[in-house]
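What follows is each chain in one-letter form.
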Amino acid sequence: MPKNSKVTQREHSNQHVTESVADLLAHEEPIDHKASALNVSGEESRGKQLEDTSELEDRPAWNSKLQYILAQIGYSVGLGNVWRFPYLCQKNGGGAYMVPYLILLILIGIPLFFLELAVGQRIRRGSIGVWNYICPRLGGIGYASLLVCFFVGLYYNVIIGWSIFYFFQSFQYPLPWSECPSVKNGSVVIVEAECDKSSATTYFWYRETLDISNSISDGGGLNWKMTICLLSAWCIVGMAMIKGIQSSGKVMYFSSLFPYVVLICFLVRGLLLRGSVDGILHMLTPKVEKMLDPQVWREAATQVFFALGLGFGGVIAFSSYNKQDNNCQFDAALVSFINFLTSVLATLVVFAVLGFKANMMNEKCVVQNAEKILGYLNAGVLSHFLIPQHVNFSHLTTADYADMYEVIKKVKEDGFQDLHLDACLLEDELDKAVQGTGLAFIAFTEAMTHFPASPFWSVMFFFMLINLGLGSMIGTMSGITTPLIDTFKVRKEFLTVGCCILAFLLGLIFVQRSGNYFVNMFDDYSATLPLTIVVILENIAVAWVYGTKKFMQELTDMLGFRPYAYYFYAWKYVSPIFMALLLSASVIQLAFSPPGYSAWIRQLAEEQYLLYPTWALSLLICLIILAILPVPLVFILWQFQLIPDGSNKLSVSYKKGRMMKDISNLEDNDETRFILSKVPSETPSPMPTHRSYLGPENASPLDLGGASNGRYGSGYLMATTPESES
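Residues numbered from 1 in each chain as written. Predicted model: local features only at pLDDT ≥ 70, side-chain atom pairs only at ≥ 80, totals over all residues. Heavy atoms only, no water.

- Within an unreviewed UniProt entry, the label attached to the chain reads Transporter, and the organism entered is Engystomops pustulosus.
- For the record of the chain, the UniProt heading Sequence similarities (unreviewed entry) holds the text "Belongs to the sodium:neurotransmitter symporter (SNF) (TC 2.A.22) family." (UniProt positions renumbered as here; feature names shortened; annotations may be inferred.)

Structure (structure tokens):
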């Protein structure tokens, strides 16, 4: 106990102690008792937030810092890094897209990521407990995060199920999607019409894997193959989560590191492919004019937002198992930049492979059009004098075809369109934007069919997708189970199994024949708008309700050093403004772009963009409203005092061994007797001297000598509880 504490001074004096508990615990300078953690009335009552210290001591913890970092990396690095970022890079100007992405990563990504890491580590609770503590009226933020996590988990595990199906199908040679199936019609063998009109990989995806219907309104019944794969995916997630971080932390060692091994192997293999350099140069060549397009900045902000997993609650859940003095400021920057570099690595791999595929498709285009020209020459439609002398049809190069194409186009200017000849430009093939499932299950699989030892590379690729998805699913499930376990004190084993069973049953909607359309609906609309609102409210709750100065002071006490002043301004001004702009842009886009989806039409063997029917629009709106509903609902319940907050009691706890002491509605005599207990070991120490954080302009270092810096600091509450440092 500090020698200069008020309790010690009074023990060595003969003066009668008349101060109350509140006076004894008062800080050196005047404070606002309404904002005190020990205040028992008003909206800032912390009655429900005062923690049982024995429970906090028993809280699980990461085995090592490496395990924690790998868990955060595994959660933030997911399927979006492999198929969403490369698509946006291709669509929005190649290398130029990385400039707005990096700017927005620094302006809003890292500060908000640090904010979630800090509140989780500071309060040591899941999303529900964290936001109930920060501001009870905004406690609905935690429930909204939980609901969004649940919606995302429902369809995200379906993608893992698809990857499992392709993984087992890859143990064949040749790969089952390398050629179109043939149909016998008597003695004649003909190629399946749907496959002939599209491609072997496209046919395998839409017909053999999904057996997809023509529209979202045509359910078509369950796809039994995908149902089994979905069940397998939930069994894997359940086993990884059954013991909490004790089991999931061990899984993360493999699921977080293995994708990097595969990506590096694919990059080396891709660079050895013919035409891979064309793809990489296409990616790195910046189209600077694209940077002036506001849509590019909006999509970059959205990608930053989702790449780091902000608002889901998984980041908070993982950081809540940290030690109080963990340097989460460094963790925020480290994980954010690893995430960015992973996206760049994945983009290099994707464009190397797509460059190879583009060259293959371009050569195929040249051969097909050369056959057309030969037919026109034999039929007399074209004159042999139009063919340059150096052109050799038996060894036709893309350059020779380009020369021949330009000559025919000039001479046959009027009737050129009737010849139906394609330019076969490599640039056109590279500009074909492919995203999401189309990139992973169609474009990439088609390229791998041309690899030597293609089954091996296919097995590696889809095993990587399974691990990427598993890492993200563990974080998503932690965003569901951790706050529920903290709030309702249920057994983690029962809760995990129950969540997996419920999610599997609800997920059956995604494995019917129209299930892919529901996956796209949930992916596009169930998370984007709700999560943007959730993160804005998180930022406002910390910066403007709880107070940026107060929060920075608490971080200084917790970390042992003052965080960069940059975060002060980012949380208070920069991030809220950018997030408000992002929310406005998302709402405007939703208003001016009628919600729709790409439907696969079997008879035409091509995709068509269809608008959602009325019932689907109603479902879409219900998803958005349901995800946000907890925020206003909890606010109203608190506003009208319909939630019991325990404000009639003053509960102050401290720990001695395994025994807890509580005070409720103390009388003056009881209060004095408790403070001046004759047993020294039972005498609680006062709170550390309060030092107001004066903002980033106060550059003088804080004097931390008077405060305990151990795991259990001096005070009525353990240092690991938020109240002990308020």
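Here's the deal with a nonpolar patch on the surface
Reasoning step 1: On the surface, a nonpolar cluster with roughly 680 Å² of combined accessible area is contributed by Ile540, Trp544, Val545, Tyr569, Tyr573, Ile577 and Leu581.
Reasoning step 2: Contributing elements (two or more residues each) for the nonpolar patch: helix H24 (528-559) and helix H25 (565-592).
Reasoning step 3: If one sorts the elements of the nonpolar patch by residue count, H25 sits on top with four residues.
Reasoning step 4: Tracing the backbone shows tryptophan 544 in helix H24.
Reasoning step 5: Since its relative accessible area comes to 47%, tryptophan 544 is described here as partly exposed. (Patch = residues over 30% accessible without salt bridge, like charges linked within 9 Å, V, L, I, M, F, W, Y side chains within 5 Å. Areas by Shrake-Rupley, 256 points an atom, 1.4 Å probe, with all protein chains shown as cover. Salt bridge = Lys/Arg side-chain N within 4 Å of Asp/Glu carboxyl O. Helix = DSSP H or I, 4+ residues; strand = E, 2+ residues; numbered from the N terminus. Buried < 20%, exposed > 50% of the residue type's maximum accessible area, 1.4 Å probe, protein only.)

A word on the state of the cysteines
In a disulfide, the sulfur atoms of two cysteines are covalently bonded to one another.
Reasoning step 1: With the rule as written, the count across this model stands at two disulfides.
Reasoning step 2: Two residues, cysteine 180 and cysteine 195, share a disulfide whose sulfurs are 1.9 Å apart. Since a negative S-S torsion denotes a left-handed disulfide, the cysteine 180-cysteine 195 link at about -80° is left-handed. Taken as a pair, cysteine 180 in the loop between helix H9 (140-169) and strand S1 (182-185) and cysteine 195 in helix H10 (residues 193-197) lie far apart in primary sequence, 15 residues in all.
Reasoning step 3: The exposure class of cysteine 195 is buried, given its relative accessible area of 2%. (Disulfide = S-S within 2.5 Å.)

Quick notes on the side chain of serine 458
Reasoning step 1: With respect to the secondary-structure elements, serine 458 resides in helix H21 (residues 454-488).
Reasoning step 2: The residues touching serine 458, leaving out its near neighbours within four places in the chain, are Ser170, Leu175, Trp177 and Met448. (Contact = heavy atoms within 4.5 Å.)

Some words on the nonpolar core
Considering soluble globular proteins, one finds that nonpolar side chains tend to be buried as a cluster.
Reasoning step 1: Among the nonpolar cores identified, the biggest contains 176 residues, and Trp131 and Phe266 are the most heavily contacted of them.
Reasoning step 2: Of the residues forming this core, the biggest block, 19 residues, is contributed by H9.
Reasoning step 3: Once you skip the residues sitting within four places of it in the chain, phenylalanine 266 turns out to touch Val349, Phe444, Met448, Phe451, Trp457, Met460 and Phe461.
Reasoning step 4: Leu377, Val391, Leu396 and Phe416 belong to the second largest nonpolar core, which has 19 residues in total. (Core = buried A, V, L, I, M, F, W, Y, C linked by side-chain atoms within 4.5 Å.)

Details of the confidence of the model for the chain
Reasoning step 1: In this model, the chain carries a mean pLDDT of 77, and residues with pLDDT of at least 70 account for 79%.
Reasoning step 2: Considering only residues more than four positions removed or in separate chains, one finds that residues 1-55, a stretch of pLDDT under 50, has 97 contacts.
Reasoning step 3: When the criterion is pLDDT under 50, residues 646-693 qualifies, and its contacts beyond four places in sequence or with other chains add up to 107 contacts. (pLDDT = per-residue confidence, 0-100.)

Observations regarding the pattern of salt bridges
Reasoning step 1: Here the structure, examined in full by the defined rule, presents eight salt bridges.
Reasoning step 2: Among the salt bridges present, the one from arginine 207 reaches aspartate 211, with a minimum N-O distance of 3.2 Å.
Reasoning step 3: Residue class for aspartate 211 comes out partly exposed when judged on its relative accessible area of 28%.
Reasoning step 4: Residues glutamate 493 and arginine 491 are paired through a salt bridge, measuring 3.2 Å at the closest nitrogen-oxygen approach.
Reasoning step 5: Several salt bridges converge on common partners, so that one network encompasses Glu194, Arg207, Asp211, Arg513 and Arg602.

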